[in-house]
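A look at the structure
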Amino acid sequence: MPAPEGDGQGSANGTMRVSNGSRAADELPTTSSSNSRTLKTSSESTNGLARNGKGLVEGPPRNYFGHAPEEVTRILIQALADMGYHDAAESVTRSSGYELENPTVAAFRNAVLNGSWSEAEALLSSNVVTGDRQHPGDGLVLAPGADRDTMRLWLRQQKFLELLEKRDNHQALAVLRSELTPLCSGQHQKLNLLAGLLMCPSVEHLKQKAAWDGAQGRSRQILLSELSRCISPSVMLPEHRLAVLLEQVKQSQISNCLYHTSSEPPSLYSDHLCDRTRFPSEVLVELVNQDQQEVWQVRFSNNGSRLASCGMDQNVYIYAVPSFEVLHRIVAHEGSDVCNIAWSPDDKTLITCGKDRYAKIWNTETGDCMRVLDRFDEPVSSCVWTPNGQSFVTGSFDKTKSICQWNLNGERLFILTRKHRTEDLSLSPDGRWLIAMDEQQRIHVYDFVTREYLYEVELKARATSLSISQDSRFLLVNKVDGEAQLIDIASRDVVQKYHGHSGGGYTIRSTFGGANESFVVSGSEDGSMCIWHKSTGIQVERVAAHDPRCNAVSWNPADPCMVASCGDDGKIKM
């Protein structure tokens, strides 16, 4: 008797078993245009069970709402295993006939996690590249473009590091010479780095220098993750695939929500949409101090409980949020304007930058001055804290001290450059990128870890402010020509542009903000505050904020419905 339709081999991942007998339908029904209709036929097809007239018969459909059943099933099996439901995962495997991984892939996974490097290399050597005419069978199928030698290099590098961890330097040296060197042709810097690890006096020093957590840490799992990207998903699913897909769904819903104000992640149970009435578009509080003139900068503390301001007078004000009571009026730079301010990561300290050519460190609890840095030859324009809060970086028009790193005692640790003057600075939250703008039309990008100068960006107009996103991926550059640009720092590509505000000869600042940093907000020469959707570039709000100009804006990191603005009218508006 011929096999019923649907029986036989599935993919390389296993055999699809189908119950004998006919099915009511080979495909699930499509959605009706009527909202009153449900995804059921008159014969009550429900949840993978179809009535054939003689009873309910199990059997995977050929099509799951336009998705391949094998893909959906394997992803489901992986998700069940990830959540610890191993019995359920095995049950789905038995019922569907689809295996999560073939035996070779499972053996390769175990070899890497168990440190069986010879076995892992042997399995890798027997692989097949997707698209080869040879049938892959149960082998290790590589993804298109995957490089075997690169994968071997990763395996041997892990082997080398683990030998060093065991203090078996003799065997590690043999691996370096006979196994790693042939794969590192032309990579002299990498070989020198690996060779230098042989000189590490202790395991702790080895781990620190190699940025590696050891065989008993997560290093093998991280290695497997890297290797899995080189293996075809037809035989080895990328890690936590369902979680990744669901996160993409959530991010898509957030991106499509024009007035996103919820800091809570969207539910998977329903489509996401925020209420526009909660979007910050009305002035609720206006702060005016009699001796305050033009206000140039406002910044919320990292926990959102306080707000600091500075500008064209010697004072820095610190307000309580949401009462907006003045907690401290600090005479920060006597007889001089205050150019900029920066909260420490723990909000206990504030850096102020003055036109008097000083930068100072303040206790935000008491309002007392803790340190005064050595005087610069020109005004101090900007300041940023390192992520650990143990040091900070200043930017100055003083070319001899353009970018300097300081500790909390006010001692200068490093002068990064003397190549350009610095008008503004931004340091990525992960501590990798330090980006400065000069008084011309250039952006300068540094690797803050190695202090290496990476590249510069030549703009068509002078920049007025810089800001880096919380995920450390994007740089926001505001310019005098009334355009803000979103730049991918790694690729250097301009991924979005924002228009509708006006620039001019003054410093107008822009920044990221809102729930999930979904928005870009900027001041404007005409006094407006403009808000755009970050991913689409659509302007979603324009508010008449100040007269004559709106200089800076700050979005409360703890309250996605609160924005502060400041202007030349001496006012701060919430």
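Everything quoted here is computed from the prediction, not taken from an experiment. (Residues numbered from 1 in each chain as written. Predicted model: local features only at pLDDT ≥ 70, side-chain atom pairs only at ≥ 80, totals over all residues. Heavy atoms only, no water.)

**Brief notes about the overall build of the protein**
Under the convention used in this document: A run of DSSP states H or I qualifies as a helix once it reaches four residues; a run of E qualifies as a strand once it reaches two. Both are numbered from the N-terminal end. Each residue's exposure class comes from its accessible area (1.4 Å probe, protein chains only) as a fraction of the maximum for that residue type: buried when under 20%, exposed when over 50%, partly exposed otherwise. In what follows, a contact means two residues having at least one pair of non-hydrogen atoms within 4.5 Å.
For the protein, the count of helices and strands is ten helices and 32 strands. In the protein, which comprises 574 residues, the proportion classed as buried is 49%. Taking as baseline every contact in the protein between residues at least 6 positions apart, the subset at least 24 positions apart corresponds to 46%.

**Focus on the packing of helix H4 (residues 117-125) against helix H5 (residues 148-165)**
Selection criterion: Here an axis means a line fitted to C-alpha atoms, over the contact stretch when the element is a helix, while the angle between two N-to-C directions is reported on a 0 to 180 degree scale. Angle categories: roughly parallel below 35 degrees, roughly antiparallel above 145, roughly perpendicular from 65 to 115, and oblique for all the rest. Residues are grouped as follows: nonpolar covers Ala, Val, Leu, Ile, Met, Phe, Trp, Tyr, Cys and Pro; charged covers Asp, Glu, Lys and Arg; every other residue, Gly included, is treated as polar.
The contact between H4 and H5 brings their axes to 11 Å, and the two run at 180 degrees. Regarding the angle of H4 to H5, the classification is roughly antiparallel. Only Arg148, Met151, Arg152, Leu155, Arg156, Gln158, Lys159 and Glu162 of H5 make contact with H4, whose side of the interface consists of Trp117, Ala120, Glu121, Leu124 and Ser125. Each residue belonging to the contact of H4 with H5 can be placed in one class, and the counts come to five nonpolar, two polar and six charged.

**A closer look at the sheet that holds strand S31 (residues 563-567)**
What counts is decided by this rule: Two strands are said to pair when DSSP picks up at least two bridges between them.
Read across the sheet, four strands follow the order S5-S32-S31-S30 without closing on themselves; strand pairing throughout is antiparallel. The open sheet has two edge strands, strand S5 (286-288) and strand S30 (550-555), and neither has a second partner. Strand-to-strand, the axes of this sheet are offset by a mean angle of 20 degrees, without reference to chain direction. Summarising the sheet, S31 and strand S32 (residues 571-573) pair through two bridges and their orientation is antiparallel. The residue of S32 that forms the bridge with Ser565 is Lys573.

**Things to note about the packing of H5 against helix H9 (residues 219-228)**
Viewed as axis vectors pointing N to C, H5 and H9 meet at an angle of 175 degrees, and their least axial separation amounts to 10 Å. With respect to H9, the element H5 is oriented roughly antiparallel. Seen from H5, the contacting residues are Met151, Trp154, Leu155, Gln158 and Glu162; seen from H9, they are Ser219, Arg220, Leu223, Glu226 and Leu227. The class makeup of the residues in the contact of H5 with H9 is five nonpolar, two polar and three charged.

**A word on the packing of aromatic side chains**
Stated precisely, the cut-off is as follows: Note on ring pairs: Phe, Tyr and Trp rings are taken, using the six-membered ring of Trp, and paired if centres are within 6.5 Å. Classes follow the plane angle, with under 30 degrees stacked, over 60 edge-to-face and the rest tilted.
For the coordinates displayed, the defined rule picks out ten aromatic pairs. For the ring pair Tyr64 and Phe65, a centre distance of 5.0 Å and an interplane angle of 90 degrees mean the geometry is edge-to-face. What makes Phe65 partly exposed here is its relative accessible area of 37%. Pairing Tyr259 with Phe279 gives two aromatic rings, centres 5.4 Å apart and planes at 80 degrees, and the pair type is edge-to-face. Placement of the pair is Tyr259 in the loop between helix H10 (241-255) and S5 and Phe279 in the loop between H10 and S5, with a sequence separation of 20 residues. An identical accessibility class is assigned to Tyr259 and Phe279; each is buried. Here the aromatic cluster, defined as three or more aromatic residues joined through ring pairs, consists of Tyr259, Phe279, Phe519 and Trp555.

**Topic: the environment of Ser202**
For Ser202, the location among the structural elements is in the loop between helix H7 (188-197) and helix H8 (203-210). Under the relative-accessibility criterion, Ser202 is labelled partly exposed at 25%. The sequence separation of Ser202 and Leu164 amounts to 38 residues, and the corresponding C-alpha distance is 9.5 Å.

**Focus on the sheet that holds strand S24 (residues 483-488)**
What holds strands together in a sheet is hydrogen bonding between their backbones, with the strands either parallel or antiparallel. The strand order across the open sheet formed by four strands is S22-S23-S24-S25, and the pairing between neighbours is antiparallel. A strand with exactly one partner marks an edge of an open sheet, and here the two such strands are strand S22 (463-468) and strand S25 (494-499). Mean inter-strand twist for the sheet, computed between neighbouring axes without regard to direction, equals 20 degrees. Bridge count between S22 and strand S23 (residues 474-479): five bridges; the pairing is antiparallel.

**Some details on the side chain of Glu179**
We apply this condition: Distance and chemistry together define a polar contact, namely a pair of N or O atoms within 3.5 Å, with one atom able to donate a hydrogen and the other to accept it when in protein, and with adjacent residues in sequence counting only for side-chain atoms on both sides.
If you trace the backbone, Glu179 turns up in helix H6 (residues 169-180). Among the polar contacts listed, one links the side chain of Glu179 to the side chain of Lys159, at a separation of 3.1 Å. If near-sequence neighbours (up to four positions away) are discounted, Glu179 is found in contact with Glu121, Arg156, Lys159 and Ala174.

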